[in-house]
Amino acid sequence: MKLKRYIPVLAIALAACGGGEPADAPPQGGSQPAAAPPASTLAAPPTGAMTTPAWYVVDNTARTVHLTLIAGETAVNNYWNYNGATNGSLAITVPEGYTVTIEQVNRDPNMAHSVGILPIPANFAMPPQPNPVFPGAISQNPMSMIDATMPGETESITFVASEEGNYALVCLIPGHSAVGMWLYFNVADEGGPVGVQTR
Ligand SMILES: [Cu+2]
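Chains are numbered independently. Their residues run from 1 in the order of the written sequence. In keeping with the model being predicted, local features are shown solely for residues with a pLDDT of at least 70 and side-chain atom pairs are shown and tallied solely at 80 or more, while totals for entire chains, interfaces and linings include all residues. Hydrogens are left out, water is left out, and the side-chain values use all remaining heavy atoms of the structure.

**Topic: the overall build of the protein**
No. 1: If you tally the helices and strands in the protein, you get one helix and nine strands.
No. 2: Buried means the residue's accessible area, taken with a 1.4 Å probe over protein chains only, is under 20% of the maximum for its type, while exposed means over 50%, and partly exposed covers the values in between. The proportion of buried residues among the 199 residues of the protein is 38%.
No. 3: Counting only contacts in the protein whose residues sit at least 6 apart along the sequence, the fraction spanning at least 24 positions is 75%.
No. 4: Each accessible area value is a Shrake-Rupley result obtained with a 1.4 Å probe; residue values ignore everything except the protein chains displayed when judging cover. When the accessible surface of the protein is summed, it comes to about 10600 Å², and 58% of that surface belongs to carbon and sulfur atoms. Helix numbering and strand numbering both begin at the N terminus, where a helix is a DSSP run of H or I of at least 4 residues and a strand a DSSP run of E of at least 2. We call two residues in contact whenever any of their non-hydrogen atoms come within 4.5 Å of each other.

This is the structure:
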């Protein structure tokens, strides 16, 4: 009987000694960009001329916008980019009230990615939460490294850009936005300029 009394104490001691890894330790592996400390404030939105690249297709009769967004299009930021852009260096502006489809193609040879339209945070030090600003404006299992949009996959999201404003287009895989996998996403007031800007 006396021995049994010690077993719970021992178990607690073992539990306290185990699990030395911090819960938010980045996964080990060769495909991780160097962890840069998140900027205390976000890089400013681009102010370049508005353009309509081939991947931005607007139909003013159907009131739709189709965006082809390639995660890992280039090796920039170790593939953690959209159409080669990172850190808000690209701003996509769509007309208010239009139905927007974002066709996300994952060409990263290694890593899952996702896409969501979220409020602009003060910074990306904290992992973004999967709460899109418009219903449907987020891809499936957006925080999962094994069940988001996987290498070689294409996943589309469709939503109505129902409210004018300035938002962020974000990869929600933990750690990705912190090292720059996000863009600016704006919904223009009626008649305002739409298209794509770079710095
Ligand atoms: Cu990502």
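From this point on, the discussion continues.
**Quick look at the side chain of Gln-104**
No. 1: Along the chain, Gln-104 turns up in strand S4 (residues 99-106).
No. 2: Classification of Gln-104 as buried rests on a relative accessible area of 0%.
No. 3: Residues adjacent in sequence count toward polar contacts only when both atoms are side-chain atoms; beyond that, a polar contact is any pair of N or O atoms within 3.5 Å, and within protein one must be able to donate a hydrogen and the other to accept it. Within the local environment of Gln-104, its side chain forms a polar contact with the side chain of Thr-149, the two groups lying 2.9 Å apart.
No. 4: Once residues within four sequence positions are removed from consideration, Gln-104 is found in contact with Leu-69, Ala-71, Tyr-82, His-113, Ser-114, Val-115, Ser-139, Thr-149, Glu-153, Thr-154 and Glu-155.

**Some words on the coordination of the copper ion**
No. 1: Distances decide who is a donor: an N, O or S atom must be within 2.8 Å of the metal, or within 3.2 Å for Na, K and Ca. Water is not included, so sites may look incomplete. Coordination of the copper ion by the protein comes from His-113 (ND1), Cys-171 (SG), His-176 (ND1) and Met-181 (SD), over a distance range of 2.0 to 2.5 Å.
No. 2: Think of it this way: with four donors and all angles in the 85 to 135 degree range, the site is tetrahedral; with four or six donors, opposite ones beyond 155 degrees and the rest between 65 and 115, it is square planar or octahedral; otherwise it is irregular. Every donor counted, the four donor atoms about the copper ion form angles of 87 to 131° at the centre, which fits tetrahedral coordination.

**Re the environment of Gly-180**
No. 1: Checked against the element boundaries, Gly-180 lands in the loop between strand S7 (165-170) and strand S8 (182-188).
No. 2: For Gly-180, a relative accessible area of 0% corresponds to the buried category.
No. 3: Sequence spacing of Gly-180 and Trp-80 is 100 residues, and the spatial spacing of their C-alpha atoms is 7.6 Å.
No. 4: Setting aside residues up to four positions removed in sequence, Gly-180 forms contacts with Asn-77, Thr-86 and Asn-87.

**Here's the deal with the packing of aromatic side chains**
No. 1: Centres within 6.5 Å make a pair out of two Phe, Tyr or Trp rings, where for Trp the six-membered ring is used; the pair is then stacked when the planes are under 30 degrees apart, edge-to-face when over 60, and tilted otherwise. Under the criterion given, the structure shown has five aromatic pairs.
No. 2: Between the aromatic rings of Phe-124 and Trp-182, the centroid separation amounts to 5.1 Å while the plane-to-plane angle is 40°, which identifies the pairing as tilted. Placement of the pair is Phe-124 in the loop between strand S5 (116-119) and strand S6 (154-160) and Trp-182 in strand S8, with a sequence separation of 58 residues. Each member of the pair, Phe-124 as well as Trp-182, carries the same accessibility label: buried.
No. 3: Here a set of aromatic residues connected by ring pairs shows up, and it is made of Phe-134, Phe-159, Tyr-167 and Phe-185.

**A look at the sheet that holds strand S1 (residues 56-59)**
No. 1: As summarised here, the arrangement of the four strands in space is S1-S2-S4-S6, forming an open sheet in which the pairing is mixed. Edge strands, defined here as strands with exactly one partner in the open sheet, are S1 and S6. Taken pair by pair, the neighbouring strands of this sheet meet at an average axis angle of 15°, ignoring direction.
No. 2: Pairing of strand S2 (residues 64-71) with S4, which is carried by eight bridges, proceeds in the parallel orientation. Bridging from a neighbouring strand, Leu-69 pairs with Gln-104 of S4. For two strands to be treated as a pair, DSSP must find at least two bridges joining them. In this analysis, axes come from line fits to C-alpha atoms, helices being fitted only over the stretch in contact, and the angle between any two N-to-C directions falls in the range 0 to 180 degrees.

**Digging into the sheet that holds strand S3 (residues 90-95)**
No. 1: One open sheet holds the five strands; their spatial order is S5-S7-S8-S3-S9, and the pairing between them is mixed. Because the sheet does not close on itself, it has two edges, and the strands there are S5 and strand S9 (195-198). With direction set aside, neighbouring strand axes in the sheet form an average angle of 30°.
No. 2: Pairing analysis gives five bridges linking S3 to S8, with the strands arranged parallel.

**Structural notes on the pairing of S3**
No. 1: The buried fraction of S3 is high, at six of six residues.
No. 2: The alternating pattern of S3 places Leu-90, Ile-92 and Val-94 and Ala-91, Thr-93 and Pro-95 on opposite faces, both of which are buried.
No. 3: Relative to S9, S3 runs antiparallel, the two being bridged by four bridges. Note on S9: the bridge partner recorded for Ile-92 is Val-196.

**Re the side chain of Ser-177**
No. 1: You can see Ser-177 is positioned in the loop between S7 and S8.
No. 2: The exposure class assigned to Ser-177 is buried, which follows from its relative accessible area of 2%.
No. 3: Those residues in contact with Ser-177 that lie beyond four places of it in its chain are Phe-124, Pro-128, Val-170, Cys-171 and Trp-182.

By themselves, these figures tell us nothing about what the structure is for.
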